[in-house]
Amino acid sequence: FETYVVFVSFITSFFAVFLSAGIVLGVPSIASEFQMNNIIQNWIPTIALLVVAVFTLPAGQISGKYGVKKSLIMGVVIFLLASLGACLSFSTEIFLAFRVIQGIGMAFLNVSAMAMVVQAVNPKNRGKALGFTVTGIYLAGSLSPVLCGFLVYNFGWRAMFYFVIPFLVLCLIHD
């Protein structure tokens, strides 16, 4: 069970940062497809991060009230559906709306991933488990420009979002 918790924490932490850092490489393609001006283009990476900042405290309160596991599952589902929605977007407004929803999901993931590790992992293994979670964050920051650049160049900007989906589904398969 502890291994599964650490795995889910690693994956959710990785992919929350992955799209936050890597989306910049998709901005020119997204902006071109939706004919965005420079001002609107800036909202592509910024809007999700702004929403994370606004929703982190409420996500923490909800997590405390209803439980970390439920909060994490809710965050994964929200992030998953928003990623799928971003793939299927057909306009600037729809795309940015799904980025807002992704930000909400990321807020729940950020709050609950670490808390779940702290609650579920034996204290003697907790430092190592938290280390894996933090490793996911920094790996995503390091690898997302390379992976997202490869995906956007070879398959188009939607590939960044499609890439995330199977990993999030994997996080929902439990017990």
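The rules behind each value
- Along every chain, residues carry numbers that run from 1 in the direction the sequence is written.
- Where local features are concerned, this predicted model is filtered to residues with pLDDT of at least 70; where side-chain atom pairs are given and counted, the filter is 80 or more; whole-chain, interface and lining totals use all residues.
- Note: side-chain values were computed over all heavy atoms of the structure, leaving out hydrogens and water.
- Each helix is a run of DSSP H or I of at least 4 residues and each strand a run of E of at least 2, with the numbering of both proceeding from the N terminus.
- In this treatment the radius of gyration is a C-alpha quantity, and the globule benchmark scales as 2.2 Å times the residue count to the 0.38 power.
- We call a residue buried when its accessible area falls under 20% of the maximum for its residue type, exposed when it is over 50%, and partly exposed in between, using a 1.4 Å probe and counting protein chains only.
- Working definition of accessibility: Shrake-Rupley area with a 1.4 Å probe, residue cover restricted to the visible protein chains.
- Charge assignment in this entry is limited to Lys and Arg as positive and Asp and Glu as negative, and neither His nor the chain termini are counted.
- Here the site of a charge means atom NZ of a Lys, CZ of an Arg, CG of an Asp or CD of a Glu.
- Basic side-chain nitrogens of Lys or Arg form a salt bridge, by our definition, when they fall within 4 Å of a carboxyl oxygen of Asp or Glu.
- Given the number of residues in a helix, its expected span is that number minus one, multiplied by 1.5 Å.
- Bend angle per residue: angle between axes fitted to the 7 residues ending at that residue and the 7 residues starting there.
- It only takes one pair of heavy atoms within 4.5 Å for two residues to be counted as in contact.
- Any N or O atom pair separated by 3.5 Å or less is treated as a polar contact, with the protein-specific requirement of one donor-capable and one acceptor-capable atom, and with residues adjacent in sequence counted only for side-chain atom pairs.
- Residue types Ala, Val, Leu, Ile, Met, Phe, Trp, Tyr and Cys, when buried and joined through side-chain atoms within 4.5 Å, form a set referred to as a nonpolar core.
- Any two cysteine sulfur atoms lying within 2.5 Å of each other are counted as a disulfide.
- Patch membership is restricted to residues that have no salt bridge and whose relative accessible area is over 30%. Joining uses 9 Å for like charges and 5 Å for the nonpolar side chains Val, Leu, Ile, Met, Phe, Trp and Tyr.

Asker: Which residues make up the overall build of the protein, and what are the values?
Answerer: Counting its secondary structure elements, the protein contains six helices and zero strands. Along its sequence from the N terminus, the protein presents helices and strands in the succession α-α-α-α-α-α. Taken over C-alpha atoms, the radius of gyration comes to 16 Å for the protein, in line with the 16 Å a tight globule of 175 residues would show. Along the longest, intermediate and shortest principal axes, the C-alpha atoms of the protein span 50 × 30 × 25 Å. The burial tally for the protein puts 44% of its 175 residues in the buried class. For the protein, the exposed area adds up to about 8700 Å²; of that, 71% sits on carbon and sulfur atoms. The protein carries 8 positive and 4 negative side-chain charges, and their two centres are separated by 12 Å.

Asker: Kindly report on the pattern of salt bridges, identifying the contributing residues and their values.
Answerer: For side chains of opposite charge, pairing can occur when their charged atoms come near one another. As enumerated under the stated definition, the model contains one salt bridge in all. Between Arg158 and Glu33 there is a salt bridge, with its nearest N and O atoms 3.0 Å apart. Of the two residues, Arg158 sits in helix α6 (residues 158–172) while Glu33 sits in helix α1 (residues 2–34), which places them 125 residues apart along the sequence.

Asker: Break down helix α2 (residues 38–66) for me, with residues and values.
Answerer: With 29 residues, α2 should reach 42 Å at 1.5 Å per residue; the first-to-last C-alpha distance of 41 Å fits that figure. The largest bend along α2 reaches roughly 45 degrees and is located at Pro45. Close packing links the buried residues of α2 with α1, α3 (68–87) and α4 (92–120). Capping of α2 at its N-terminal end is provided by Asn37; its side-chain oxygen lies 3.0 Å from the backbone amide nitrogen of Ile39. Count one or two residues on from α2 and you reach Gly67, which has phi positive near 110 degrees.

Asker: Help me get a handle on the nonpolar core, residues and values and all.
Answerer: Counting 47 residues, the largest nonpolar core has Phe18, Ile30, Ile44, Phe79, Phe95, Met160 and Phe161 as the members making the most contacts within it. Secondary-structure elements contributing two or more residues to this core are α1, α2, α3, α4, α5 (123–155) and α6. Core analysis: the second largest hydrophobic core is formed by five residues, Ala59, Ile104, Ala107 and Phe108 among them.

Asker: Provide a residue-level description of the state of the cysteines, including the pertinent values.
Answerer: Under the criterion given, the structure shown has zero disulfides. Cysteine Cys87 is unpaired, with the sulfur of Cys148 as its nearest cysteine sulfur at 12 Å. Taking relative accessible area as the criterion, Cys87 reaches 2% and is therefore assigned buried.

Asker: Describe unusual backbone geometry, and please don't skip the residues or the numbers.
Answerer: Positive phi is not limited to glycine here, since Gln35 has a value of about 50 degrees. With respect to the helices and strands, Gln35 occurs in the loop between α1 and α2.

Asker: For a nonpolar patch on the surface, give the residues involved together with the corresponding values.
Answerer: A contiguous nonpolar patch, built from Ile39, Trp43, Leu50, Val54 and Phe55 and spanning about 480 Å² of accessible area, is present on the exposed surface. Note on placement: Ile39 falls in helix α2.

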